[in-house]
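Observations on chain architecture
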Amino acid sequence: MNLVDLILGWRSWSSEAVSIGQGTTLALRRIRRISGNRLKVGDKSIIHADITFEENGGSITIGSRTFVGRSSLICYRSINIGDDVIMSWGITVVDHDSHSLEWVWRKDDVCAWAYGRKNWDHIAHAPVTICDKAWIGFNVSILKGVTVGEGAVIGACSVVTRDVPAYSVAVGNPARVVRVLSRS
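Let us look at the structure shown here. (Residues numbered from 1 in each chain as written. Predicted model: local features only at pLDDT ≥ 70, side-chain atom pairs only at ≥ 80, totals over all residues. Heavy atoms only, no water.)

A word on the overall build of the chain
- Helices and strands together make up the secondary structure of the chain, namely four helices and 20 strands.
- If one aligns the C-alpha atoms of the chain with their principal axes, the spans along those axes are about 50 × 45 × 20 Å.
- Counting over 184 residues, the chain shows a buried share of 42%.
- Sequence separation of at least 24 residues holds for 19% of the intrachain contacts in the chain that already meet a minimum separation of 6.
- Of the roughly 10,000 Å² that the chain leaves accessible, carbon and sulfur atoms contribute 53%.
- Of the charged side chains in the chain, 21 are positive and 17 negative; the average position of the first set lies 4 Å away from that of the second. (Helix = DSSP H or I, 4+ residues; strand = E, 2+ residues; numbered from the N terminus. Buried < 20%, exposed > 50% of the residue type's maximum accessible area, 1.4 Å probe, protein only. Contact = heavy atoms within 4.5 Å. Areas by Shrake-Rupley, 256 points an atom, 1.4 Å probe, with all protein chains shown as cover. Lys, Arg positive; Asp, Glu negative; His and termini not counted. Charge placed at Lys NZ, Arg CZ, Asp CG, Glu CD.)

Shown next, in the form of structure tokens:
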């Protein structure tokens, strides 16, 4: 851990909410709102992502030997990333819709933000899971409720709105499976 992270990330560093495995590199200064949440990273991982917890009660788990480039993990409740995963830069992973689809429930969102509040009662959310050995290309968006299967590959600039089967390649907006990979 370098001196900048110790100074700028002291709240995260001193918090029991953060668990970092041996040999892992994590920019603690890029973690937002850790209090009341949980971040666990396995051994020998490299995490350069901006990590934001939207509300108390969120959990992000990142496995061992996983790389997450300069990307954004935005968690309301649950994001799980497995072992041996490679995630490029510019990726956004989010486990919620951010706002209600209905105007009546989102009309006061901006005014509430001015006071540091947000009403999550009418906002859809669901866990995101990225299984072991997946590879996520640059500028991919992975939305709420998605599971990216073991060994799956997501092509650059794709928008993943539904589950991607294990050992398959998915590309596009919305992402669709275009190839099945061998499991060897």
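Section: the sheet that holds strand 17 (residues 153-154)
- If you trace the eight strands from one edge of the open sheet to the other, you get 2-5-8-11-14-17-19-20, paired in mixed fashion. Strands with a single pairing partner mark the edges of an open sheet, and in this sheet they are strand 2 (25-26) and strand 20 (176-180).
- Examined bridge by bridge, strand 2 and strand 5 (residues 46-47) share two bridges and lie parallel to one another. Looking at strand 5, one finds that Leu26 is bridged to Ile47. (Pairing = 2+ DSSP bridges.)

Points about the pairing of strand 4 (residues 38-41)
- Residues Leu39 and Val41 point to one face of strand 4 and are all buried, whereas Arg38 and Lys40, pointing to the other face, are not buried.
- Here strand 1 (residues 18-20) pairs with strand 4 via three bridges, running parallel. Looking at the pairing, Ile20 lines up with Val41 of strand 4.
- Where strand 4 meets strand 7 (residues 59-62), four bridges bridge the pair, whose relative direction is parallel. Paired with Leu39 across the bridge in strand 7 is Ile60.

Notes on the sheet that holds strand 10 (residues 78-81)
- The strand order across the open sheet built from six strands is 1-4-7-10-13-16, with neighbouring strands paired in parallel fashion. The sheet terminates laterally at strand 1 and strand 16 (147-148), the two strands that pair on one side only.

Some thoughts on the nonpolar core
- Within the largest apolar cluster, 37 residues are counted, with the highest numbers of intra-cluster contacts made by Leu39, Ile51, Leu73, Met87, Ile130, Ile136 and Ile142.
- Where this core is concerned, the elements lending two or more residues are strand 4, strand 6 (50-53), strand 7, strand 9 (72-75), strand 10 and strand 13 (128-130).
- Ignoring sequence-local partners within four residues, the contact set of Ile142 consists of Thr92, Val93, Val94, Val128, Ile130, Ile136, Val148 and Val160. (Core = buried A, V, L, I, M, F, W, Y, C linked by side-chain atoms within 4.5 Å.)

Digging into the side chain of Ser158
- Note that Ser158 resides in the loop between strand 17 and strand 18 (159-160).
- Since its relative accessible area comes to 0%, Ser158 is described here as buried.
- For Ser158, the side chain forms a polar contact with the main-chain nitrogen of Gly172, separated by 3.0 Å.
- With residues up to four places along the chain from it excluded, the contact list for Ser158 reads Asn139, Val140, Ser141, Ala170, Val171, Gly172 and Ala175. (Polar contact = N/O pair within 3.5 Å; in protein donor to acceptor, adjacent residues only side chain to side chain.)

A look at the pairing of strand 19 (residues 168-171)
- With two bridges connecting them, strand 17 and strand 19 associate as parallel partners. Bridge pairing links Ile154 to Ala170 in strand 19.
- One ladder, built from four bridges, connects strand 19 with strand 20; its direction is antiparallel. When the bridges of strand 20 are listed, Val171 appears paired with Arg176.

Re the environment of Phe53
- Among the structural elements, Phe53 can be located in strand 6.
- A sequence separation of 23 residues divides Phe53 from Tyr76, and the C-alpha atoms of the two residues are 6.0 Å apart.

Digging into a nonpolar patch on the surface
- Among the surface-exposed residues, Ile46, Phe67, Ile86 and Trp135 lie close enough to one another that they form a single nonpolar patch of about 370 Å² accessible area.
- With a relative accessible area of 45%, Ile86 lands in the partly exposed category. (Patch = residues over 30% accessible without salt bridge, like charges linked within 9 Å, V, L, I, M, F, W, Y side chains within 5 Å. Salt bridge = Lys/Arg side-chain N within 4 Å of Asp/Glu carboxyl O.)

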